[in-house]
Amino acid sequence: MSELTIKNALIMPMTDTRKCFEGYVRIKDGVIENVMEGSPRDDIKGRESIDGTGCVLMPGLVNAHTHLYQVLLRAVWEDLELMPWLRRIYGCARVLRPEHFFAGSLLGCVEAIRSGVTTVCEHNFLNPSVECAFETLRAIQDSGLRAVFARTIMDTGEIVPECVKEKPDAAFRHIENILAKYDRSAGLSFMTGPNTPPINTTPGLLKEIRRFADDKSLGISAHVAESKSVVECVRREHGKEGVVEFLQEFGIPGPNSSFAHSVHISSDEIALLKQTGTSVSHNPVSNMMLGDGVAPVVEMLRQGVNVALGTDGAASNHSQDLFDTMKAASLLQKVHHQDAGVIDPYSVLRMATIGGAKALGLASICGTIEVGKRADLILVDIDTIHSQPINDIFSQIVHCAKASDVRTVIVNGRILMRERELVQHHEKVILTNARKAHRDLTERLASLSF
Ligand SMILES: [Zn+2]
C-alpha cells in the first residue's frame, strides 16, 4: 500500500467549475483519495509527503497526438509542405530499424515527462517490421507514462513505400498480437485507425477498420484534413466535399474516434463531429510549421465538439512541449480571428487536460483532480521571475509558464520526476542511446533519394 500527500499547493482541479484554491491532495494506491482546502491537520507518520509551496498542482497534461520516435528527426525537413514532407517521412520506413524506435521513443517520453505530460497518444503508422511497434511500446512502458497506442494502417498511396503497405488482415493479426501481449489495465490502452485517409487508405480498408475496432473495443485515431491537398484528393478521387464527410460513409466518426488536425473542414462537417461525438486533437505548432492552415477550433468549441491538444511528432513541431502548444493554440486563434477575446485560457487548459482524456477514452481515469481518479498530477513552479506576480492564474499557466517550470510529475501515484530529477532513468544514458540511434539513422537516410 502506498500513500502520498501533496500539501501547500495552489490546486487547479480543471473540472467544469473554474476554480483554484490552496490545499492538499491525498493519494492512496495510485488513486486520489482526498482533495481539500487548507492544510492537512495531521501529518500521518510514515506517509510520504511533497511540499507544493510556490507551485500549482494540476492534472498532468495529455498529449493527444504524437509520433514519439520523430524526435530523431527534429529540424530535418522543415521547409516543405505536407505532401513532399510526408513523402520523406514515409520514405524513412525503408531504413528505420526497431532500435531507432526504442531510443527515439524513450527520448520523446522523457521530454514529455520533463514538460509535464502524463499521458501520450502514440499514433503509430510506420511498421517496416513488427518489432518496430513492440520496441515503441517497450520504450513507453519503460518511461512510466500513461499511454494510448494507436496502431494505424496504410494499404495504398503512391508516396507510401511497399514495406509499410499492409493488407488489412495482416495488419489486424499484428494488432491482435500486440493486444495479446499487453495488459490493457496497466496504464496502457489501444486504438487503431486509417493513417491519413484517403491518401494512404482504400475504401475497403476503411470498412474493415470500423468492424475490427468494434470487435476489439478499440478507439480510432486518424489524421484528418490536415492540409488542402488532402481535401483536393478526396474531391478528385471520391467525389466528396470533405474528408469527414467521406469518413462518415464508413462509420469512422464516433464517440471513440479522435481526428488529429481537422484543419480544412466545413461547418457541416463540424456539426457531424458534434453529432457523432467525435473528438479532435488540435496540433497548432505542427500546423504552423508545415503551413497547413488554421483549424476552426473556435467554431468547434462553440458547436460543442470535444477538442484536445497534441504536439504531433517532433519532425513537424521540433519538440514534445505541451506548454508551448497551449500558448500557440491560444495566440493562433486570437490572431486568426483578429479578436483577442475569441478564446479564453481556461478553455485552452481544458483542451490540454480533460479534453485530451476524453478524446482518448480516459475521462473517468485522468484529466482532472477529483476523488476516485488516478493520481496523474504535476507541480508547476509559479514562484518564478517570468510568472510573478500572479493576476490571472489560468492565463499565466497558458501564457507565462514554461515546460522547465514543471517540478514534479506523478503518474498513477508513482513519482516519475521529483524536483526536476528523473526518478527511474538516467538522462545521460537515454541521451547517449538517442545520439547513437540518430547517427545510425542519419547514415542510412543518406542512402535514400526522395
Ligand atoms: Zn501526426
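Each value, and the rule that gives it
- Residues numbered from 1 in each chain as written.
- Predicted model: local features only at pLDDT ≥ 70, side-chain atom pairs only at ≥ 80, totals over all residues.
- Heavy atoms only, no water.
- Donors = N, O, S within 2.8 Å, 3.2 Å for Na, K, Ca; no water.
- Tetrahedral: all angles 85-135°; square planar, octahedral: opposite > 155°, others 65-115°.
- Helix = DSSP H or I, 4+ residues; strand = E, 2+ residues; numbered from the N terminus.
- Buried < 20%, exposed > 50% of the residue type's maximum accessible area, 1.4 Å probe, protein only.
- Axes fitted to C-alpha atoms, helices over the stretch in contact; angles between N-to-C directions.
- Parallel < 35°, antiparallel > 145°, perpendicular 65-115°, else oblique.
- Left-handed = near helix turned anticlockwise from the far one by under 90°.
- Contact = heavy atoms within 4.5 Å.
- Nonpolar A, V, L, I, M, F, W, Y, C, P; charged D, E, K, R; others polar.
- Polar contact = N/O pair within 3.5 Å; in protein donor to acceptor, adjacent residues only side chain to side chain.
- Expected span 1.5 Å × (residues − 1).
- Pairing = 2+ DSSP bridges.
- Core = buried A, V, L, I, M, F, W, Y, C linked by side-chain atoms within 4.5 Å.
- Salt bridge = Lys/Arg side-chain N within 4 Å of Asp/Glu carboxyl O.
- Phe/Tyr/Trp six-rings, centres within 6.5 Å; stacked < 30°, edge-to-face > 60°.

1. Let's talk about the coordination of the zinc ion
So, step 1. Binding of the zinc ion to the protein goes through His65 (NE2), His67 (NE2), His223 (NE2) and Asp312 (OD), at separations of 2.1 to 2.3 Å.
So, step 2. Taken together, the 4 donor atoms surrounding the zinc ion define angles of 86 to 172 degrees at the centre, an arrangement classified as irregular.
So, step 3. In primary sequence terms, the donor set of the zinc ion follows H-x1-H-x155-H-x88-D. One end of the pair, His65, is in strand S6 (residues 61-66); the other, Asp312, is in the loop between strand S13 (307-309) and helix H11 (322-337), with 247 residues separating them in the sequence. This pair shows no difference in class: His65 is buried, exactly as Asp312 is.

2. Remarks on the packing of helix H4 (residues 168-181) against helix H5 (residues 203-216)
So, step 1. Packing of H4 against H5 leaves a shortest axis separation of 11 Å and a crossing angle of 20 degrees. As summarised for this structure, H4 and H5 are arranged roughly parallel, according to the angle between their axes. Seen from above, H4 lies across H5 with right-handed handedness. Between H4 and H5, the contacting residues are Pro168, Phe172, Ile175, Glu176 and Leu179 on the first element and Leu205, Glu208, Ile209, Arg211, Phe212 and Lys216 on the second.
So, step 2. Of the residues in the contact of H4 with H5, the class split is 7 nonpolar, no polar and 4 charged.

3. A closer look at the side chain of Asp321
So, step 1. Structurally, Asp321 can be placed in the loop between S13 and H11.
So, step 2. A polar contact is formed between the side chain of Asp321 and the backbone nitrogen of Asp324, at a distance of 3.1 Å.
So, step 3. Look past the residues within four positions of Asp321 in its chain and what remains in contact with it is Glu111, Ser115, Thr311 and Ala403.

4. A few points about helix H2 (residues 98-114)
So, step 1. The end-to-end C-alpha separation of H2 is 24 Å, in line with the 24 Å expected for 17 residues at 1.5 Å each.
So, step 2. Buried residues dominate H2, accounting for 16 of its 17 residues.
So, step 3. The first or second residue beyond H2 is Gly116, which carries a positive phi of 85 degrees.

5. Quick word on the environment of Gln320
So, step 1. Note on placement: Gln320 falls in the loop between S13 and H11.
So, step 2. A relative accessible area of 0% places Gln320 in the buried class.
So, step 3. At a separation of 3.2 Å, a polar atom in the side chain of Gln320 contacts the main-chain carbonyl oxygen of Asp312.

6. Structural notes on the sheet that holds S6
Sheet strands pair via backbone hydrogen bonds, and the direction of the pair is either parallel or antiparallel.
So, step 1. Pairing within the open sheet is parallel, and its 8 strands lie in the order S6-S7-S8-S9-S10-S11-S12-S13. Looking along the sheet, the strands with just one partner apiece sit at the ends: S6 and S13. Taken pair by pair, the neighbouring strands of this sheet meet at an average axis angle of 25 degrees, ignoring direction.
So, step 2. Pairing geometry for strand S9 (residues 188-194) and strand S10 (residues 219-224), over 2 bridges, is parallel. Counterpart to Met191 in the pairing with S10 is Gly219.
So, step 3. Helix-sheet contacts for H4 involve strand S8 (146-153) and S9, and the interaxial angle to S8 is about 160 degrees.

7. Some remarks on the nonpolar core
So, step 1. Counting 125 residues, the largest nonpolar core has Tyr90, Leu126, Met326 and Ile397 as its most contacted members.
So, step 2. Broken down by element, this core gets its largest block of residues, 9 residues, from H2.
So, step 3. Filtering out sequence-adjacent residues up to four positions away, Ile397 remains in contact with Met12, Val56, Met58, Phe323, Met326, Leu349, Val380 and Ile382.
So, step 4. Ile11, Cys55, Ala375 and Leu379 belong to the second largest nonpolar core, which has 17 residues in total.

8. Topic: the pattern of salt bridges
So, step 1. A complete count under the given rule lists 19 salt bridges for this structure.
So, step 2. The closest approach of N and O atoms between Arg350 and Asp16, which form a salt bridge, is 3.0 Å. Taken together, the residues Arg350 in helix H12 (residues 345-359) and Asp16 in the loop between strand S1 (3-11) and strand S2 (21-28) connect sequence positions 334 residues apart.
So, step 3. By relative accessible area, Arg350 is classed as buried at 19%.
So, step 4. Between Glu176 and Lys216 there is a salt bridge, and its shortest N-O distance comes to 3.3 Å. A residue pair is termed long-range when its members are at least 10 positions apart, and Glu176 in helix H4 and Lys216 in helix H5 qualify at 40 residues.

9. Observations concerning the packing of aromatic side chains
So, step 1. For the structure on display, the rule yields 7 aromatic pairs.
So, step 2. Ring geometry for Trp77 and Phe450: centres 5.6 Å apart, planes at 80 degrees, overall edge-to-face. Here Trp77 is found in the loop between S6 and helix H1 (82-91), whereas its partner Phe450 is found in the segment after helix H14 (427-445), with 373 residues between them in sequence.
So, step 3. Judged by relative accessible area, Trp77 falls into the buried class, the value being 13%.
So, step 4. Taking relative accessible area as the criterion, Phe450 reaches 35% and is therefore assigned partly exposed.
So, step 5. Each ring, one from Phe246 and one from Phe250, has its centre 5.3 Å from the other, and the planes form 75 degrees; the classification is edge-to-face.
So, step 6. Since its relative accessible area comes to 2%, Phe246 is described here as buried.

Interpretation in functional terms is not warranted from these geometric data alone.
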